[in-house]
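Summary of structural features
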12 protein chains.
Amino acid sequence: MTDHVYKMIDLVGSSKESIEDAIQNAIGRAGLTLHNLRWFEVVETRGHIENGKVDHYQVTLKVGFSLDDAAD
Amino acid sequence: MTDHVYKMIDLVGSSKESIEDAIQNAIGRAGLTLHNLRWFEVVETRGHIENGKVDHYQVTLKVGFSLDDAAD
Amino acid sequence: MTDHVYKMIDLVGSSKESIEDAIQNAIGRAGLTLHNLRWFEVVETRGHIENGKVDHYQVTLKVGFSLDDAAD
Amino acid sequence: MTDHVYKMIDLVGSSKESIEDAIQNAIGRAGLTLHNLRWFEVVETRGHIENGKVDHYQVTLKVGFSLDDAAD
Amino acid sequence: MTDHVYKMIDLVGSSKESIEDAIQNAIGRAGLTLHNLRWFEVVETRGHIENGKVDHYQVTLKVGFSLDDAAD
Amino acid sequence: MTDHVYKMIDLVGSSKESIEDAIQNAIGRAGLTLHNLRWFEVVETRGHIENGKVDHYQVTLKVGFSLDDAAD
Amino acid sequence: MTDHVYKMIDLVGSSKESIEDAIQNAIGRAGLTLHNLRWFEVVETRGHIENGKVDHYQVTLKVGFSLDDAAD
Amino acid sequence: MTDHVYKMIDLVGSSKESIEDAIQNAIGRAGLTLHNLRWFEVVETRGHIENGKVDHYQVTLKVGFSLDDAAD
Amino acid sequence: MTDHVYKMIDLVGSSKESIEDAIQNAIGRAGLTLHNLRWFEVVETRGHIENGKVDHYQVTLKVGFSLDDAAD
Amino acid sequence: MTDHVYKMIDLVGSSKESIEDAIQNAIGRAGLTLHNLRWFEVVETRGHIENGKVDHYQVTLKVGFSLDDAAD
Amino acid sequence: MTDHVYKMIDLVGSSKESIEDAIQNAIGRAGLTLHNLRWFEVVETRGHIENGKVDHYQVTLKVGFSLDDAAD
Amino acid sequence: MTDHVYKMIDLVGSSKESIEDAIQNAIGRAGLTLHNLRWFEVVETRGHIENGKVDHYQVTLKVGFSLDDAAD
């Protein structure tokens with residue numbers, strides 16, 4: 001059957017290394033409790049500055065997962 | 001008392017039939033676990049194509065429900 | 001002469017049946033007093049939910065009409 | 001290999017019947033010359049009015065197709 | 001360690017008094033079940049009218065909280 | 001019957017006191033000629049400055065009212 | 001007294017000559033029935049093409065006027 | 001039959017003279033290979049500065065043309 | 001002469017009291033060095049939460065001032 | 001070296017003549033103190049109306065200039 | 001002569017490695033048939049998730065190229 | 001005291017290496033004259049293409065800094 005339903009949640013991941021690493025950190029954390037993550041969309045990229053340098057990146061994501069076989 | 005609080009969640013419903021059916025599928029699925037759904041807003045309408053035809057519609061919704069008498 | 005001027009108004013139509021029906025309801029109501037309606041643009045699609053089902057759709061439209069031969 | 005590249009084009013489909021039919025008309029026309037259409041996104045929904053009724057719907061879409069095995 | 005992950009939820013608070021009070025009502029309600037709320041962003045400000053006066057304000061917020069030490 | 005139709009108008013209210021007061025001023029003025037106002041949405045908040053202080057707030061609103069029993 | 005209230009209406013002006021001329025045409029037409037126009041904001045600039053040339057410009061405006069001494 | 005399909009392309013025209021001239025330059029160039037151009041929409045207006053003066057305007061357009069009798 | 005030129009700067013004001021107070025704090029601070037501030041526009045309203053309550057509001061503004069008689 | 005850094009400022013230019021003239025007025029004024037202006041982007045086009053005619057145009061621009069050899 | 005005309009196309013590039021690699025993959029593919037690519041703008045950054053990790057990034061770009069010496 | 005005021009400026013950083021490097025270049029340059037930079041937000045990511053490859057990335061940022069102890 002093809003009438004799938006998905007839920008999307010908003011997460012903010014951070015990393016001192018890179019934008020990609022901040023994305024992966026958010027997804028990795030979400031994956032601890034949600035086992036059917038499917039896709040993400042970057043909503044916003046920000047970061048903190050210390051001593052004239054990027055200290056860490058903060059990336060806001062929407063992450064979608066299937067509700068088909070989830071309790072919720 | 002009128003100081004109600006609502007929560008909104010993002011859902012994606014799909015349907016081979018119509019945009020309205022995709023909306024209803026998402027709301028029907030959410031209603032299995034949330035019993036006080038009140039309104040929805042369409043955020044995005046997309047779909048998949050196979051053999052030069054629309055195979056199914058995918059509609060992203062925000063769905064609002066009351067937190068007044070909910071556990072959360 | 002080609003220097004036409006149009007006015008646009010914001011309407012919200014509703015329908016228990018479909019998005020198209022909500023659009024037509026808004027346009028039909030506007031047509032009772034404005035006889036030179038030309039085009040519409042969908043601004044927002046929302047709706048109310050009752051008992052886990054779409055109760056009715058609410059579609060916000062901009063509707064344009066010619067001022068060329070109108071009193072206002 | 002997973003490094004796929006897609007191209008998206010902007011189309012406007014129209015129909016006297018419904019929004020879904022306008023979408024399908026645009027996709028059907030594009031499919032005459034592009035054989036690897038994959039997905040669409042609705043950008044705008046408009047329409048023309050005649051005699052106080054919707055005469056036809058006009059739906060602007062972005063349609064994506066794979067460039068992997070296309071000449072261009 | 002600085003690789004914090006946050007989740008954001010969408011809430012609508014209402015109040016007969018003021019925009020600030022509607023914001024606080026939403027946050028106060030969320031705080032009953034989430035103990036690590038950090039920040040909010042106002043997404044939309046609306047309200048209902050009765051007898052030609054504002055009856056109550058409705059403020060849609062995104063509210064962010066830390067997932068670092070949360071069950072979810 | 002539930003196929004209600006609403007019209008929305010754009011108003012700008014101003015006040016030396018507060019954003020809420022500017023909203024109420026716009027709605028109060030509209031209510032002199034429109035007796036079925038239902039809801040408002042804040043579109044923009046601006047203001048004028050004199051001598052380094054806010055002189056007055058200017059709030060742009062969309063205000064919706066029912067056309068069901070209105071002349072127009 | 002400084003608690004002024006303004007109303008804004010959406011107009012589309014057209015001209016074969018220029019964008020400025022299309023703006024003036026819309027404002028001139030509105031001025032036939034509204035005598036207290038104050039400001040405008042350009043919302044959209046479009047136009048029609050014939051034989052590979054711009055045939056006329058169409059500019060959508062929001063036009064604001066004072067309600068202080070208006071009947072409506 | 002009224003089920004027309006249109007395609008829209010993104011062009012950037014430039015001109016040392018005016019915004020209108022930049023629009024016409026883009027449309028004139030597109031008309032060399034596309035003979036059924038119908039309408040345009042301005043997406044963005046930019047320009048380059050030299051010696052404290054506008055050197056040329058750059059206008060980004062969406063240009064629509066009919067696919068009804070086109071090869072593509 | 002009417003060919004005025006204005007500059008706009010982005011400020012973030014904060015306050016424990018209210019949104020209006022956060023706006024005034026930003027404008028008051030800017031007024032220490034800029035003596036010809038004219039208007040402001042609210043771009044974003046956010047805030048910090050502590051112990052389930054709004055701790056302070058943060059309002060992002062664009063503030064405009066005349067360059068006509070300014071050194072810069 | 002190619003790692004250039006640019007700064008962008010927001011200006012509002014006005015003119016009784018045309019949109020292009022308002023743009024040039026803003027850039028001309030900025031050029032009195034900034035000698036390395038490179039490009040501009042139109043953000044908003046507005047204007048004031050007097051006696052049913054456009055009195056003057058107001059164009060909001062972002063203007064970019066190089067920081068490579070600037071004091072700031 | 002400075003009245004250049006550019007065309008922009010929408011591409012989606014993907015990569016398992018990084019956002020930059022997804023951008024380069026899209027541009028490299030487009031360069032096989034278009035030899036005068038000039039600039040790109042990132043429109044959207046998304047990606048797919050497998051087993052709680054980013055499987056690949058998908059970056060939507062607008063890519064501009066000169067039409068001055070192109071067949072089309 | 002918590003009534004901090006921040007100013008935000010718009011910068012464009014560029015780099016042949018990566019998006020992160022373009023961000024750092026803009027922040028590093030700003031830090032030469034502003035010693036209290038706090039955060040940044042990515043507004044736009046663009047780049048130039050040469051010979052079918054990304055030549056350099058251009059990232060537009062808003063950068064915020066405290067005015068509390070600054071001369072301006």
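Read on for a plain summary of the structure. Counting restarts for each chain, with residues numbered from 1 along the sequence as it is written. All chains are assigned letters beginning with A, and all ligands numbers beginning with 1, in the order in which they are written. Where local features are concerned, this predicted model is filtered to residues with pLDDT of at least 70; where side-chain atom pairs are given and counted, the filter is 80 or more; whole-chain, interface and lining totals use all residues. Water and hydrogen atoms play no part in the side-chain values, which are based on all heavy atoms of the structure.

**Focus on the arrangement of the chains**
Rules: Whether two residues are in contact is decided by their heavy atoms, any of which lying within 4.5 Å being enough.
Separated without contact, chain C and chain I have their nearest C-alpha atoms at a distance of 22 Å. When C-alpha atoms are compared, chain C and chain K, though not in contact, are closest at a spacing of 22 Å.

**Overview of the interface of chain G and chain H**
Basically, it comes down to this: Here the quantity called buried area is the total loss of accessible area, with a 1.4 Å probe, experienced by two parts when brought into contact, counted for both. Criterion for a salt bridge: a side-chain nitrogen of Lys or Arg within 4 Å of a carboxyl oxygen of Asp or Glu. Within 3.5 Å is the distance limit for a polar contact, defined as a pair of N or O atoms, with the added protein rule that one can donate a hydrogen and the other accept it, and that residues adjacent in sequence qualify only through two side-chain atoms. Put simply, DSSP marks the helices as runs of H or I at least four residues long and the strands as runs of E at least two long, and each gets a number from the N terminus on. By the convention adopted, Pro, Cys, Tyr, Trp, Phe, Met, Ile, Leu, Val and Ala count as nonpolar, Lys, Arg, Asp and Glu as charged, and the other residues, Gly among them, as polar.
Taken together, the 12 residues of chain G in the interface contact 13 residues of chain H. Carbon and sulfur atoms supply 59% of the area that chain G and chain H bury against each other, a total of about 1,100 Å² over both sides. Here chain G is connected to chain H by one salt bridge. Measuring nitrogen to oxygen at the nearest pair gives 3.6 Å for the salt bridge that ties R46 of chain G to E41 of chain H. For the interface between chain G and chain H, the tally reads six residue pairs in polar contact (both at pLDDT 80 or more). In terms of residue count, strand β2 (residues 37-50) of chain G provides more of the side of chain G that touches chain H than any other element does, five residues in total. Within the side of chain G that touches chain H, the residues separate by chemical class into four nonpolar, five polar and three charged.

**A few points about the relation of the copies chain A and chain L**
How we decide: We superpose the copies by least squares over the C-alpha atoms of residues that have a pLDDT of at least 70 in both of them.
Structural alignment of chain A on chain L gives an RMSD of 0.0 Å, achieved by rotating through 120° and translating 0.0 Å along the axis. Both copies are brought into coincidence by an operation consistent with a three-fold rotation axis. Rotation axis and chain A: the residue whose C-alpha lies nearest the axis is I19 of chain A, separated from it by 5.0 Å. Interface overlap between copies: only 17% of the residues of chain A at the interface are likewise at the interface in chain L, consistent with a contact formed by different surfaces.

**Comments concerning the relation of the copies chain G and chain H**
The relation between the two copies of this chain is a rotation about an axis and a shift parallel to it. Mapping chain G onto chain H calls for a rotation angle of 120° and an axial translation of 0.0 Å; the resulting RMSD is 0.0 Å. Interface overlap between copies: only 17% of the residues of chain G at the interface are likewise at the interface in chain H, consistent with a contact formed by different surfaces.

**What to know about the side chain of R46 of chain K**
Where we set the bar: Buried, partly exposed and exposed residues are distinguished by accessible area as a fraction of the type maximum, computed with a 1.4 Å probe on protein chains only: under 20%, between the cut-offs, and over 50%, respectively.
In this fold, R46 of chain K is placed in strand β2 (residues 37-50). For R46 of chain K, a relative accessible area of 14% puts it in the buried group.

**Some details on the pairing of strand β3 (residues 53-66) of chain C**
All names here are of chain C. The condition that has to hold: Being paired, for any two strands, means DSSP has found at least two bridges between them.
Of all the 14 residues making up β3, 13 are buried; the element is thus mostly covered by neighbouring parts of the structure. Where strand β2 (residues 37-50) meets β3, 12 bridges bridge the pair, whose relative direction is antiparallel. Within the sheet, the bridge partner assigned to R46 lies in β3 and is Q58. The antiparallel hairpin formed by β2 and β3 contains two residues in its connecting segment, where N51 sits at a positive phi of about 50°.

**With respect to the environment of A30 of chain C**
Residues and elements named next belong to chain C. Tracing the backbone shows A30 in helix α1 (residues 19-30). Overall, the relative accessible area of 4% leaves A30 in the buried class. The contacts of A30, once residues within four sequence positions are left out, are L11 and L37.

**Side note on the pairing of strand β3 (residues 53-66) of chain J**
Across 10 bridges, strand β1 (residues 5-15) of chain J lies against β3 of chain J in antiparallel orientation. Within β3 of chain J, the residue paired with I9 of chain J across the bridge is V63 of chain J.

**So, α1 of chain C**
All names here are of chain C. Note the threshold: Working rule for helices: expected span equals 1.5 Å times residues minus one.
Over its 12 residues, α1 extends 17 Å from the first C-alpha to the last, a length consistent with the 16 Å expected when each residue adds 1.5 Å. What α1 keeps buried is the set I19, E20, A22, I23, A26, I27, R29 and A30. One side-chain oxygen at the N-terminal end of α1 lies 3.0 Å from the backbone nitrogen of D21; it belongs to S18.

**Regarding the interface of chain A and chain L**
Taken together, the contact between chain A and chain L spans 12 residues of the former and 13 residues of the latter. Summed over both partners, the interface of chain A with chain L comes to about 1,100 Å²; 59% of that surface belongs to carbon and sulfur atoms. The interface formed by chain A and chain L contains one salt bridge. Taken together, the links from chain A to chain L amount to six residue pairs in polar contact (both at pLDDT 80 or more). Elements with a minimum of two residues in the side of chain A that touches chain L: α1 (19-30), β2 (37-50) and β3 (53-66) of chain A. Ranked by the residues each element gives to the side of chain A that touches chain L, the list is headed by β2 of chain A, at five residues.

**So, unusual backbone geometry**
All names here are of chain K. Phi at N51 takes a positive value of approximately 50°, unusual for a residue other than glycine. Along the chain, N51 falls in the loop between β2 and β3 (53-66). The class of N51 is exposed, set by a relative accessible area of 78%.

**Observations regarding the environment of V43 of chain B**
Residue and element names in this part refer to chain B. With respect to the helices, strands and loops of the structure, V43 is situated in strand β2 (residues 37-50). Take V43: its relative accessible area is 49%, and that puts it in the partly exposed class. Separated by 10 residues in the primary sequence, V43 and K53 have C-alpha atoms spaced 23 Å apart. When near neighbours in sequence (up to four residues on either side) are disregarded, V43 contacts T60, L61 and K62.

**A short note on the pattern of salt bridges**
Inspection of every chain in the model, using the stated rule, returns 60 salt bridges over all chains. Residues K16 of chain H and D55 of chain H are paired through a salt bridge, measuring 3.0 Å at the closest nitrogen-oxygen approach. Of the two residues, K16 of chain H is situated in the loop between β1 (5-15) and α1 (19-30) and D55 of chain H in strand β3 (residues 53-66); the sequence distance between them amounts to 39 residues. Overall, the relative accessible area of 19% leaves D55 of chain H in the buried class. Residues joined in a network through salt bridges with shared partners are D10 and K62 of chain A, D10 and K62 of chain B together with D10 and K62 of chain E.

Taken by themselves, the reported measurements are silent on function.
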